Amino acid sequence: MKTLFVIYDSECGFCCRCRQWLAQQPAYLDLRFFQRNSPEVVCRFPGIEKLLRLDELLVVSDEGAVYRGAHAWVMCLYALREYREWASKLAHPSLLPFAWRAYELFSENRREFSRWMKLLPEEEIAKKIRQHSPPPVCSNERKP
Amino acid sequence: MITHTVWTYIGYLVISVALTIWVARTLHKNGRIFLVDSFLGNEKLADSVNHLLVVGFYLINIGYVTLALKYGDRPSDLQQVLETLSTKIGFVLLVLGVMHFFNLYVFSKMRRRALLRGQPPPVIPQAHLGQPVVAS
């Protein structure tokens, strides 16, 4: 296993922040991120449509293995140098049910949580930047 | 004339430095196998790190021994010489012990990290796409 593909909800601000954080961490595996509503996901991962309907975080390995929910969280931690040990601890049979409960609780309320934390999704941030950016300088306005 | 204090200092320096050398050599000899394992069999790198660790060990311990030389009572008879020497060497032994366990902690941490690198995924997949995914 060399690459993990993380399919996340780009409409959830907290998920976008987690994606940024994951991308910045030193990792053992190459992490690639895909927005769940992107048409590229269905093309790249044939047969994933049914799993996309579950509205969960998905992680796909380059071997084609699919992890969802708390298992996907654990796999994201497994990819990181500093957190692989945590992934092993979290995957222990005595802790994994708690991880699942925490995941479900958070996942059901992720939009409200993002609003409460004032974390905007990537598209809204891009929209805001576009609104506040100055108009482009036209080349024909330059003085000769 | 050499006073009791000077004899104490000489004894302290000789015993402390000898103890430091003994612990450092033990660490150097027995720590190597840990390091070779931690660096996935890269013996050159393991030897280099081992040497650097021993240099750090010597610097800290001999630094402490020389700094602590003048602290303590000034003995005026043989009984006080032995008491002062014992106290001072006791402190050196404690410092050596702390440093030794710190080194063991570093070795074991490096080894654990190396083992983590080759660890298989901790959870089993819940589904399979039936074909590998091309990472382009």
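Given the structure is predicted, the values throughout are model-derived calculations rather than measurements. (Residues numbered from 1 in each chain as written. Chains lettered and ligands numbered in written order. Predicted model: local features only at pLDDT ≥ 70, side-chain atom pairs only at ≥ 80, totals over all residues. Heavy atoms only, no water.)

K.L.:
I'm lost on the overall build of chain B in this one. Help?
P.N.:
Scanning chain B from terminus to terminus reveals three helices and one strand. Secondary structure of chain B in N-to-C order comes out as α-α-α-β. Counting every position in chain B, which comprises 136 residues, the buried fraction comes to 29%. A separation of at least 24 residues holds for 78% of the contacts in chain B among residues at least 6 apart in sequence. Total accessible area on chain B stands at roughly 8900 Å², and carbon and sulfur atoms take up 69% of it. (Helix = DSSP H or I, 4+ residues; strand = E, 2+ residues; numbered from the N terminus. Buried < 20%, exposed > 50% of the residue type's maximum accessible area, 1.4 Å probe, protein only. Contact = heavy atoms within 4.5 Å. Areas by Shrake-Rupley, 256 points an atom, 1.4 Å probe, with all protein chains shown as cover.)

K.L.:
How do you make sense of the interface of chain A and chain B when you look at a structure like this?
P.N.:
Interfaces are frequently sized by the accessible area removed from exposure as the parts join. Contacts between the two partners involve 33 residues from chain A and, on the opposite side, 22 residues from chain B. Contact between chain A and chain B buries roughly 2300 Å² in total, counting both sides, with carbon and sulfur atoms accounting for 56%. Interface area lost by chain A to chain B is led by Y28, Y78 and E85 of chain A, which between them contribute 19%. Summed over the shared surface of chain A and chain B, the result is two salt bridges. Here E85 of chain A ties to R112 of chain B by a salt bridge, and the two come within 3.1 Å at their closest N and O atoms. At the level of secondary structure, the elements contributing two or more residues to the side of chain A that touches chain B comprise β1 (3–8), β3 (58–61), β4 (65–68), α4 (70–79), α5 (84–90) and α6 (96–108) of chain A. Direction of pairing for β4 of chain A relative to strand β1 (residues 127–128) of chain B: antiparallel, over a ladder of two bridges. Within β1 of chain B, the position partnered with A65 of chain A by the bridge is H128 of chain B. (Buried area = accessible area lost by both parts, 1.4 Å probe. Salt bridge = Lys/Arg side-chain N within 4 Å of Asp/Glu carboxyl O. Pairing = 2+ DSSP bridges.)

K.L.:
Any chance you could explain the state of the cysteines here in plain terms?
P.N.:
Put plainly, a disulfide is one covalent bond tying together the sulfur atoms of two cysteines. Residues and elements named next belong to chain A. Applying the stated criterion across every chain yields a total of one disulfide over all chains. The disulfide partner of C12 is C15, and the gap between their sulfur atoms is 2.4 Å. Given an S-S torsion of about 80°, the disulfide between C12 and C15 has right-handed geometry. With respect to class, C12 is no different from C15; both count as buried. Summary of cysteine pairing: C16 is not part of a disulfide, and the nearest cysteine sulfur, belonging to C12, is at 6.5 Å. Not part of a disulfide, C18 finds its nearest cysteine sulfur in C15, a span of 6.4 Å. Given the relative accessible area of 29%, C18 is considered partly exposed. (Disulfide = S-S within 2.5 Å.)

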